[in-house]
Amino acid sequence: MQDVKTMICDNLSVSSRGHLLFGGHDTVELIRQYGSPLYVMDEEKIRRNARIYVDSMKQYFGNGSHPLFASKAASFKQIYRIIGQEGMGTDVVSAGEIYTAKAAGFDMSLAYFHGNNKTDADIAYAMENGVGCIVADNAEELEAIERLAGERGIRQKILLRLTPGIDPHTYEAVATGKVDSKFGAAIETGAAEELTLLALSKSNLDLWGFHCHVGSQVFDSEVYLAASEIMLSFVAKMQKDHGLVTRELNLGGGYGVRYTEADPVINIAENIALVAAELKKTAARLGIALPCILMEPGRSIVADAGLTLYTVGSVKEIKGYKNYVSVDGGMPDNPRYALYGSAYTVEIANKMDESKEFVCSVVGRCCECGDILQENVKLTSTVTRGDILAVLTTGAYNYSMASNYNRIPRLPIIMVTKDSSYVAVKRETFEDLIKNEI
Ligand SMILES: *Cc1c(COP(=O)(O)O)cnc(C)c1O
């Protein structure tokens with residue numbers, strides 16, 4: 001029997017029958033009830049993840065500092081309701097995400113609209129739907145926001161997206177690495193100051209502050225500290241040289257999650273406490289008041305609150321070469337291994353008590369050699385057609401990245417709660433696949 005403690009997330013355990021439990025629910029039963037394949041999400045876990053950010057940002061940074069859920073990680077109506085109830089704002093990156101949040105009844109004044117190429121139609125749509133803040137990326141966009149706000153007789157709250165020049169995976173500050181990003185304006189080159197002056201010259205723009213996003217899957221607060229040191233120095237300079245008092249500083253995406261046992265366990269509340277203490281010192285040294293701090297966690301809210309369940313169809317042993325286990329889903333529901341070789345933990349959910357000696361690649365059902373969910377995983381050697389295969393930590397960037405490649409309907413999202421489960425997103429039908437076709 002697998003030791004519960006070695007599982008990668010605290011909402012996973014194993015039943016006395018050797019079945020994988022997720023949020024206390026037997027995953028084999030979930031497949032029986034809702035069909036295969038399935039995304040399953042744990043509502044309590046989403047809420048716990050959200051509360052860690054909401055509570056610790058308020059406690060350590062003070063009132064007005066709060067997290068925004070980066071909804072590109074998982075955008076569907078019920079997620080906006082859940083994170084709204086937990087006191088999070090949200091990031092949206094398209095008119096489609098704005099539409100979805102609004103349809104869920106989300107308070108759009110707490111929405112921040114991102115993107116490096118917002119069209120005039122996107123900006124107008126955001127304004128008409130009461131999006132609280134636009135995170136402006138470039139000069140052309142500032143001109144468009146100024147004009148569209150003027151036409152509507154409003155003064156639009158904005159932040160400016162800047163690049164502090166931090167490479168999150170080497171932690172090298174002011175290496176030019178990230179200055180060449182397609183997003184935002186670089187501090188190092190002077191572009192950030194120019195963009196600030198342009199914003200300040202516009203009567204329909206209400207410049208609240210600045211945003212940066214140093215990267216994702218970050219486990220070390222060093223990255224936030226390095227980025228915020230540069231951002232706060234810029235804030236101080238803008239105050240001294242141009243009289244701009246920054247009200248909000250947005251530090252971007254959240255901490256990393258455990259896809260496999262190799263990923264570290266981090267205490268997010270402790271990290272936020274540490275970052276807050278350092279930022280307060282930096283602000284004092286620079287002689288400025290610390291602005292309200294925003295963070296934009298996506299994956300650390302939903303990734304480990306989700307898993308995907310599939311049914312095994314075939315086990316192919318190519319003697320002397322390679323073994324394949326094929327499942328009834330694949331790159332249409334999880335393109336992340338095909339896209340960037342992302343690591344995941346794979347389990348046979350109905351045989352958790354068996355030892356794992358069979359090395360194989362877990363592949364999908366698409367007519368595509370690259371349709372791989374994970375390579376070189378170890379499963380029980382009794383794996384066979386009909387077994388339930390679970391890919392863990394798929395709550396972020398799976399449903400939101402899903403496609404209909406090979407005309408495969410998208411999976412439903414089943415939400416589990418303490419003592420029940422419900423359909424949050426229905427399984428697509430064949431009719432859905434052709435509904436826009438003449
Ligand atoms: C992707 C992204 C996030 C979320 O990153 P996570 O790793 O999911 O926390 C936040 N902010 C911006 C601007 C992003 O592009």
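Residues numbered from 1 in each chain as written. Predicted model: local features only at pLDDT ≥ 70, side-chain atom pairs only at ≥ 80, totals over all residues. Heavy atoms only, no water.

Engineer: Break down the layout of surface pockets for me, with residues and values.
Structural biologist: In this structure, the second largest pocket spans a volume of roughly 380 Å³. Lining the second largest pocket we find 17 residues, and of these Lys45, Asn49, Val265, Ile266 and Asp304 sit closest to its centre. With four residues, helix 2 (residues 43–61) is the single largest residue contributor to the lining of the second largest pocket. Counted by class, the lining of the second largest pocket contains nine nonpolar, three polar and five charged residues. (1 Å grid on protein atoms, 1.4 Å probe; cavity = no way out; pocket = protein on both sides within 12 Å on 5 of 7 lines; lining within 4 Å. Points joined across faces, edges and corners; volume = space filled by probe spheres on them. Helix = DSSP H or I, 4+ residues; strand = E, 2+ residues; numbered from the N terminus. Nonpolar A, V, L, I, M, F, W, Y, C, P; charged D, E, K, R; others polar.)

Engineer: Before we move on, could you go through the site of the ligand and cite the residues and values that matter?
Structural biologist: The full set close to the ligand counts 15 residues, and Lys72, Ser216, Glu296, Arg299 and Tyr397 are the nearest of them. In this structure, Gly298 approaches the ligand through a main-chain N or O atom, which is 2.9 Å from an oxygen atom. Note that an oxygen atom of the ligand is positioned 2.6 Å from one of the side-chain N or O atoms of Tyr397. Surface burial for the ligand is 92%, taken as the share of its 390 Å² of free accessible area covered by protein chains. Within the shell around the ligand, the residues separate by chemical class into three nonpolar, seven polar and five charged. (Near = heavy atom within 4 Å. Polar contact = N/O pair within 3.5 Å; in protein donor to acceptor, adjacent residues only side chain to side chain. Areas by Shrake-Rupley, 256 points an atom, 1.4 Å probe, with all protein chains shown as cover.)

Engineer: Before we move on, can you summarise the side chain of Ser71 with the specific residues and values?
Structural biologist: Within the fold, Ser71 resides in the loop between strand 5 (66–70) and helix 3 (77–85). There is a polar contact of 2.8 Å between the side chain of Ser71 and the side chain of Tyr80.

Engineer: How would you sum up the sheet that holds strand 1 (residues 12–14)? Please name residues and give values.
Structural biologist: One open sheet accounts for three strands, arranged 1-2-3; its pairing is antiparallel. With partners counted over all chains shown, the strands left at the sheet margins are strand 1 and strand 3 (25–26), one partner each. When strand 2 (residues 20–22) meets strand 3, the two strands line up antiparallel, connected through two bridges. In the sheet register, Leu21 faces strand 3, and the bridge partner there is Asp26. (Pairing = 2+ DSSP bridges.)

Engineer: Residue-level account of the domain arrangement of the chain, with values.
Structural biologist: Assigned domains within the chain: domain 1 (4–42 + 303–434) and domain 2 (114–297). When each unit is reduced to the centre of its C-alpha atoms, the spacing between domain 1 and domain 2 is 36 Å. Contact with domain 1, which involves nine residues of that partner, is made by five residues of domain 2. Summed over both partners, the interface of domain 1 with domain 2 comes to about 690 Å²; 53% of that surface belongs to carbon and sulfur atoms. Where domain 1 touches domain 2, the interface holds zero salt bridges. Taken together, domain 1 and domain 2 are joined by two residue pairs in polar contact (both at pLDDT 80 or more). (Domains from an automatic or database assignment. Contact = heavy atoms within 4.5 Å. Buried area = accessible area lost by both parts, 1.4 Å probe. Salt bridge = Lys/Arg side-chain N within 4 Å of Asp/Glu carboxyl O.)

Engineer: Hey, could you go over the nonpolar core for me, with residue numbers and the actual values?
Structural biologist: Membership of the largest hydrophobic core comes to 104 residues, with the highest contact counts inside it found for Leu160, Phe210, Val302 and Leu389. At eleven residues, helix 8 (residues 221–242) tops the list of elements feeding residues into this core. Three or more residues apiece are contributed to this core by two domains, here domain 1 (4–42 + 303–434) and domain 2 (114–297). Once residues lying within four places of it in the same chain are set aside, the contact partners of Leu160 are Ala136, Leu142, Leu195, Thr196, Ala199, Leu207, Gly209, Phe210 and His211. In terms of nonpolar packing, the next biggest core, distinct from the first, is built from 22 residues, Cys9, Val14, Ile31 and Val416 among them. (Core = buried A, V, L, I, M, F, W, Y, C linked by side-chain atoms within 4.5 Å. Buried < 20%, exposed > 50% of the residue type's maximum accessible area, 1.4 Å probe, protein only.)

Engineer: Go over the side chain of Arg47 with me, naming the residues and quoting the values.
Structural biologist: Summarising the element assignment, Arg47 is placed in helix 2. Given a relative accessible area of 12%, Arg47 falls into the buried group. Within the structure, the side chain of Arg47 is placed 2.6 Å from the side chain of Gln85, a separation counted as a polar contact. With near-sequence residues (within four places) excluded, Arg47 lies in contact with Ile82, Gln85 and Glu86.

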